[in-house]
Amino acid sequence: MASGQNTTQLSHLISLRATHWLHGTSLSNEENLKLFGNSNNPNGHMHNYKVVVTVHGEIDPITGIVMKVTDLKEYMEEAIMEPLDHKNLHLNIPYFADVVSMTEKVAVYIWESLQKFLPLGVLFKIYEIDNNIVVYKGR
């Protein structure tokens, strides 16, 4: 991305479903139940997530775009949908074996997964929406 003051944001939204179990391995069963309540059910529970990914940059003077939307969709499919959609986060995603799959941590996982596909500095923020909204702007 060229250095300049005028940047434009481009966002794309996807929806996915995933099951998770809120259980911290460093906490006792009693502590987990007190902290997470019904969400500590070992059978897990399902969420419908909406993930909005925003990239930013200068508009290319020749193409008139910040990024091809089709490229962004493809990156989101590979980094988010393929690994997470209709999966049990605790059982199917190694990242969550020792990480409590709170929405905040799901957003971090998505950010880190997308970083592998996007040019450095392009990803701006991720909204992960269920009944709560988490905005993660990376590190």
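Residue positions within a chain follow its written sequence, with the count starting from 1. Reporting of local features is limited, given that this is a predicted model, to residues whose pLDDT is at least 70; pairs of side-chain atoms are given and counted only at 80 or more, and all residues count toward the totals for whole chains, interfaces and linings. In computing side-chain values, all of the structure's heavy atoms are included and hydrogens and water are not.

- Per an unreviewed UniProt entry, the protein carries the name 6-pyruvoyl tetrahydrobiopterin synthase and comes from Panthera leo.
- Its UniProt record, at the heading Sequence similarities (unreviewed entry), says of the protein: "Belongs to the PTPS family."
- UniProt positions are given in the numbering used here, feature names are shortened, and annotations may be inferred rather than shown by experiment. Listed under Function (unreviewed entry) in UniProt, the entry text for the protein is "Involved in the biosynthesis of tetrahydrobiopterin, an essential cofactor of aromatic amino acid hydroxylases. Catalyzes the transformation of 7,8-dihydroneopterin triphosphate into 6-pyruvoyl tetrahydropterin."

Let's talk about the packing of aromatic side chains
Next, step 1: Only the six-membered ring of Trp is used, alongside the rings of Phe and Tyr, when aromatic pairs are assigned; centres must lie within 6.5 Å, and planes under 30 degrees apart are stacked while those over 60 apart are edge-to-face, with the rest tilted. Tallied over the full model, the rule gives five aromatic pairs.
Next, step 2: Between the aromatic rings of Y95 and F96, the centroid separation amounts to 4.9 Å while the plane-to-plane angle is 85°, which identifies the pairing as edge-to-face.
Next, step 3: Ring geometry for W111 and Y136: centres 5.5 Å apart, planes at 85°, overall edge-to-face. With W111 in helix α4 (residues 103–115) and Y136 in strand β5 (residues 133–136), this residue pair connects regions lying 25 residues apart in the sequence. Elements are defined by DSSP. Helices are runs of H or I of four residues or more, strands are runs of E of two residues or more, and each kind is numbered from the N terminus.

So, the environment of L13
Next, step 1: When you line up the elements, L13 lands in strand β1 (residues 8–20).
Next, step 2: L13 sits in the partly exposed class, given a relative accessible area of 43%.
Next, step 3: C-alpha separation for the pair L13 and K73, spaced 60 residues apart in sequence, amounts to 8.9 Å.
Next, step 4: Two residues qualify as a contact provided that any one of their heavy atoms is within 4.5 Å of a heavy atom in the partner residue. Filtering out sequence-adjacent residues up to four positions away, L13 remains in contact with K50, V51 and V52. Accessible area is worked out with a 1.4 Å probe on protein chains only. A residue is then buried under 20% of its type maximum, exposed over 50%, and partly exposed in between.

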